[in-house]
Amino acid sequence: MVEPEAEYAGTLKLHEWARDNVEMIEKNVLKYGGVLFRNFDTKTHDDFNRFLETLGVNLVTYNESSTPRTKLKGGVYTSTEFPNDETIALHNELSTSATFPVKIWFFCDIPAAEGGQTPIADVRRVYARLKPETRAKFEEKGWRLIRNYGDGFGLTWQDSFHTEDRAEVERYCREQAIQWEWKDDGGRLRTTQVRPAVLDHPVSGDRTWFNHIAFWHDSSLAPEVRALLRAEFAPEDMPYQTFYGDGTPIEDEVAAELRDAYLAEKVIFDWYKGDLLMMDNILAAHAREPYKGDRRTLVAMADPIRRPGLEEFHPEAEPAAAGA
């Protein structure tokens, strides 16, 4: 954590201090996965924007949405608008995408009355905790995500891709190495994407566990929800389901091992108004705890890169069905 000396608490301008200390900030983000700035002058959305503008970052659009959030000015979004009594598990943002942000920032606009923390975990250490045979199998096969839109669960494809145009969805899928299938006249869509399960950091070279495998495996659901969905849908028709890259099922005990590795590395801290967390999205995963009262956390993402190694794992980005 970085904070001013007591005499400057609450008044030191973070955007000016950060501008003069970029090298030190970057060094520590790379070493630890993230830096928390506290007790600076940041109190509002405008202060957050000013910090981002000073750094001159290239903010990215949140696409392939899986949960609702609101876009604010300046390329900033609200964090996931998910029921406040639910936990959001540890994950790296947009690890499913062919193009994803390297940097991510969280800004505490309104801290919750109780709970609402944003736990983090070093995914270098998550990778190291996994059994060698688990790592080897995923490194060989990669992982596969199948999403189904328009079946009454989760976001519609229009909300996820932020368009009403089927052709625009298909264009995006081609660019992002996603296989698609329109299951009817356009209201229902299935997408399939195969990705590497690990990622070597482009600067440090550290190997990281970079995926949503456990996050969207159906064994991570509440037992009653899983039973309901399994009674209704085949595995490939679930709202979300993850597989090994070759399409074979991931064993429940393997998904449990992955969840346990995340939890063993989970670090949790309380938010205070004006806190700003800068993270390397490749090195560190984030989550959200349940909460009571109002809560408003803002998020911005930047420095997009194209994921290496896609050609080894993903299917050709062509329609999965004739006439798609």
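Residues numbered from 1 in each chain as written. Predicted model: local features only at pLDDT ≥ 70, side-chain atom pairs only at ≥ 80, totals over all residues. Heavy atoms only, no water.

Would you mind showing me how to read the overall build of the protein here?
On a plain count of helices and strands, the protein comes out with 11 helices and 16 strands. Against the globule reference of 20 Å for 324 residues, the protein gives a C-alpha radius of gyration of 20 Å, in line with a compact fold. Projected onto its principal axes, the C-alpha coordinates of the protein cover approximately 65 × 45 × 40 Å. Of all 324 residues assigned to the protein, the portion counted as buried reaches 52%. Summed over its atoms, the accessible surface of the protein is roughly 14,600 Å², and 49% of this surface lies on carbon and sulfur atoms. In the protein, 39 side chains carry a positive charge and 56 a negative one; their mean positions are 2 Å apart. (Helix = DSSP H or I, 4+ residues; strand = E, 2+ residues; numbered from the N terminus. Rg over C-alpha atoms; globule rule 2.2 N^0.38 Å. Buried < 20%, exposed > 50% of the residue type's maximum accessible area, 1.4 Å probe, protein only. Areas by Shrake-Rupley, 256 points an atom, 1.4 Å probe, with all protein chains shown as cover. Lys, Arg positive; Asp, Glu negative; His and termini not counted. Charge placed at Lys NZ, Arg CZ, Asp CG, Glu CD.)

Quick question: what am I supposed to make of empty space enclosed by the protein here?
Think of a ball as big as a water molecule: rolled over the atoms, this probe shows where empty space is left. Taken as a whole, this structure holds 2 cavities of 30 Å³ or more when the rule is applied. Volume-wise, the largest cavity comes out at about 150 Å³. Looking at the largest cavity, it is lined by 14 residues, and the ones nearest its centre are S79, T80, F106, H286 and A287. Listed by contribution, the elements that provide at least two residues to the lining of the largest cavity are β3 (88-91), β14 (284-288) and β16 (296-306). Broken down by element, the residue count for the lining of the largest cavity peaks at 3 residues, all from β14. Considered class by class, the residues forming the lining of the largest cavity number 4 nonpolar, 6 polar and 4 charged. Reported here for the second largest cavity is a volume of approximately 50 Å³. If you trace the second largest cavity, you find it lined by R147, N148, Y149, F153, G154, L155, P239 and Y240. With 3 residues, strand β7 (residues 143-149) is the largest single contributor of residues to the lining of the second largest cavity. (1 Å grid on protein atoms, 1.4 Å probe; cavity = no way out; pocket = protein on both sides within 12 Å on 5 of 7 lines; lining within 4 Å. Points joined across faces, edges and corners; volume = space filled by probe spheres on them. Nonpolar A, V, L, I, M, F, W, Y, C, P; charged D, E, K, R; others polar.)

Teacher, can you tell me more about the nonpolar core here?
The tendency in soluble globular proteins is for nonpolar side chains to be buried side by side. With 24 residues, the main nonpolar core has F138, W209, I213, L258 and Y262 as its most contacted residues. When contributions to this core are tallied by element, the ones reaching two or more residues are α4 (123-129), β7, α8 (213-216), β12 (240-244), α10 (252-264) and β14. At 4 residues, α10 tops the list of elements feeding residues into this core. Once you skip the residues sitting within four places of it in the chain, Y262 turns out to touch L90, A121, V123, V126, W209, N211 and A285. (Core = buried A, V, L, I, M, F, W, Y, C linked by side-chain atoms within 4.5 Å. Contact = heavy atoms within 4.5 Å.)

It is not clear to me how the pattern of salt bridges should be interpreted in this structure. Could you clarify?
Pairing of side chains with opposite charge becomes possible as their charged atoms draw close. Tallied over the entire structure, the rule returns 22 salt bridges. Of the charged contacts in the structure, one is a salt bridge between R129 and E265, with a shortest N-O distance of 2.5 Å. Pair noted here: R129 is in helix α4 and E265 is in the loop between α10 and β13 (276-280), with a separation of 136 residues, a long-range link. Each of D218, R226, R230 and D252 takes part in salt bridges that share partners, so that together they form one network. (Salt bridge = Lys/Arg side-chain N within 4 Å of Asp/Glu carboxyl O.)

Would you mind going over the sheet that holds strand β9 (residues 189-195) with me for this structure?
Across the sheet, 4 strands lie side by side as β8-β9-β7-β12; this open sheet has antiparallel pairing. This sheet does not close on itself; its edge strands, each paired only once, are β8 (179-182) and β12. Neighbour to neighbour, the strand axes of the sheet diverge by 15 degrees on average, direction disregarded. Pairing analysis gives 7 bridges linking β7 to β9, with the strands arranged antiparallel. Across the sheet, W143 pairs through a bridge with R195, a residue of β9. (Pairing = 2+ DSSP bridges. Axes fitted to C-alpha atoms, helices over the stretch in contact; angles between N-to-C directions.)

In this structure, what is going on with the layout of surface pockets? I would like to understand it.
There is about 1,200 Å³ of room inside the largest pocket. Lining of the largest pocket is provided by 42 residues; of these, F82, T87, F215, W216 and L221 occupy positions nearest its centre. Those elements that provide at least two residues to the lining of the largest pocket are β3, β7, α8, α9 (223-232) and α10. Here the element with the most residues in the lining of the largest pocket is β3; it accounts for 4 residues.

Help me understand the pairing of β9 in this model?
Within a regular strand, the side chains alternate between the two sheet faces. Across the 7 residues that make up β9, a large majority, 7, are buried. The side-chain alternation of β9 yields two buried faces, one formed by L189, T191, Q193 and R195 and the other by R190, T192 and V194. Alignment of β8 against β9, held across 4 bridges, turns out to be antiparallel. Bridge assignment links W182 to a residue of β9, and that residue is L189.

Got a minute to help me understand the sheet that holds β14 in this structure?
Read from one edge of the open sheet, 3 strands run β3-β14-β6, paired in antiparallel fashion. Each of the sheet's edge strands pairs with one partner strand only, and the pair in question is β3 and β6 (120-122). Neighbouring strand axes in the sheet, compared pairwise and without regard to direction, differ in orientation by 15 degrees on average.

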